Amino acid sequence: MQAVANVNRESQERSLLAYWPFLLLGTFFGFVLIRSEVVSWYHIQEMFRFQSFHMYGVIGSAVIVGAISTWLIKRSGIRTIDGQDIVVPAKDRRLPHLVLGGVIFGLGWGLGGACPGPVYALMGSGFPGVLVLFLGMLVGTFAYGVLQSRLPH
């Protein structure tokens, strides 16, 4: 029985160690977000007031990189680690749902001063006020989980 427990523990440790590259990549990405001031509340407010191009440039660059990456993945036939095809789902044509979701997301972003991604980088940088945003994200995710069956999809 003890031998089985040791084998299970060792395989679990090996599986957790397999994630260290992602931890390093995420840490590097958080560092880049902080240094480029993409998570700056002031830059976010300037964006929503149309006073600065900084955030629009960053977001526009991300859209271009994402579009080119998606095109390259489709064109070159890259497969997953398991050898399966990477399938890009068809476009969703339910525009009102997308607009409503975008408005809700934008309101939360504008009121909170940060989108969900950089909240972790801000917490890691020692900004205690971000904990309120993090708790709001948790409550919103929980509310969506409870209401998901009643929402139009």
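Use the structure listed above.
**Q** When you look at the packing of helix α6 (residues 116–124) against helix α7 (residues 130–147) in this model, what are you seeing that I'm missing?
**A** For any two helices packed against each other, one specifies the inter-axial angle together with the distance between the axes. Two numbers describe how α6 lies on α7: the axes approach to 10 Å, and their chain directions differ by 140 degrees. As far as their axial angle goes, α7 and α6 are oblique. The way α6 lies across α7 gives a crossing that is left-handed. Between α6 and α7, the contacting residues are P116, V119, Y120, L122 and M123 on the first element and V130, L131, L133, F134 and M137 on the second. Of the residues contributing to the contact of α6 with α7, the split by class is 10 nonpolar, no polar and no charged.

**Q** I keep staring at the layout of surface pockets and nothing clicks. Help me out?
**A** The rolling of a water-molecule-sized probe over the atoms marks out the regions of remaining empty space. In this structure, the largest pocket occupies an estimated 840 Å³ of space. Around the largest pocket, the lining is made up of 26 residues, and of these G101, I104, F105, G140 and Y144 lie nearest the centre. Every element with two or more residues in the lining of the largest pocket is listed here: α5 (95–112), α6 and α7. Tallied by class, the residues present in the lining of the largest pocket amount to 16 nonpolar, eight polar and two charged.

**Q** What is the right way to look at the packing of aromatic side chains in this model?
**A** Working definition: an aromatic ring pair is given by the centre-to-centre distance plus the angle between the planes. By the definition in use, this model includes two aromatic pairs. Between the aromatic rings of Y19 and F22, the centroid separation amounts to 6.3 Å while the plane-to-plane angle is 50 degrees, which identifies the pairing as tilted. For the pair formed by Y19 and F22, the shared burial category is exposed. Geometrically, the ring pair formed by F50 and Y56 is stacked, given 6.2 Å between the ring centres and 5 degrees between the ring planes. Judged by its relative accessible area of 70%, F50 falls in the exposed class.

**Q** Honestly, the side chain of H43 in this entry has me stumped. Any pointers?
**A** Secondary-structure assignment places H43 in helix α3 (residues 41–48). Here E46 takes part through its side chain, which lies 3.3 Å from a polar atom of the side chain of H43. Non-local contacts of H43, meaning those with residues more than four positions away in its chain, are made with E37, H54 and M55.

**Q** What should I look at first to understand unusual backbone geometry in this one?
**A** Most peptide bonds take the trans form, and the phi angle of most residues other than glycine is negative. Although it is not a glycine, E37 adopts a positive phi angle of roughly 60 degrees. Within the element layout of this structure, E37 appears in the loop between α2 (20–35) and α3. Residue E37 is classed as partly exposed on the basis of its relative accessible area of 43%. For F50, which is not a glycine, the phi torsion comes out positive at approximately 55 degrees.

Calculation criteria
- The residue numbering used here restarts from 1 in each chain and proceeds along that chain's sequence as written.
- Totals for whole chains, interfaces and linings use every residue, but because this is a predicted model, local features are given only for residues with pLDDT of at least 70 and side-chain atom pairs only at 80 or more, for both listing and counting.
- To get the side-chain values, take all heavy atoms of the structure and skip hydrogens and water.
- Lines fitted to C-alpha atoms define the axes, with helix axes restricted to the stretch in contact, and inter-axis angles between N-to-C directions lie between 0 and 180 degrees.
- Helix and strand labels come from DSSP, where a helix needs a run of H or I of at least four residues and a strand needs a run of E of at least two; each type is numbered from the N terminus.
- Any angle from 65 to 115 degrees is called roughly perpendicular, while one under 35 is roughly parallel, one over 145 is roughly antiparallel, and all others are oblique.
- Helix crossings fall into two classes, left-handed where the near helix is turned counterclockwise from the far one by less than a right angle and right-handed where it is turned clockwise.
- Whether two residues touch is decided by their heavy atoms; if any such pair falls within 4.5 Å, the residues are in contact.
- Residue polarity follows a fixed list, in which Ala, Val, Leu, Ile, Met, Phe, Trp, Tyr, Cys and Pro are nonpolar, Asp, Glu, Lys and Arg are charged, and the others, Gly among them, are polar.
- The rule is simple: put a 1 Å grid over the protein atoms alone, call a set of points where a 1.4 Å probe fits but cannot get out a cavity, call an open set with protein on both sides within 12 Å along at least five of seven lines a pocket, and count a residue as lining if it has an atom within 4 Å of a point.
- Grid points are joined across faces, edges and corners, and a volume is the space filled by probe spheres set on the points.
- Each Phe, Tyr or Trp ring (for Trp, its six-membered ring) is paired with any other whose centre lies within 6.5 Å, and the angle between the two planes then decides the class: stacked below 30 degrees, edge-to-face above 60, tilted in between.
- The buried label applies to any residue whose accessible area, calculated with a 1.4 Å probe on protein chains only, is under 20% of its type's maximum; exposed applies above 50%, and partly exposed to all values in between.
- Pairs of N or O atoms within 3.5 Å make up the polar contacts considered here, provided that, within protein, one atom can donate a hydrogen while the other can accept it, and that residues adjacent in sequence are counted only when both atoms are side-chain atoms.

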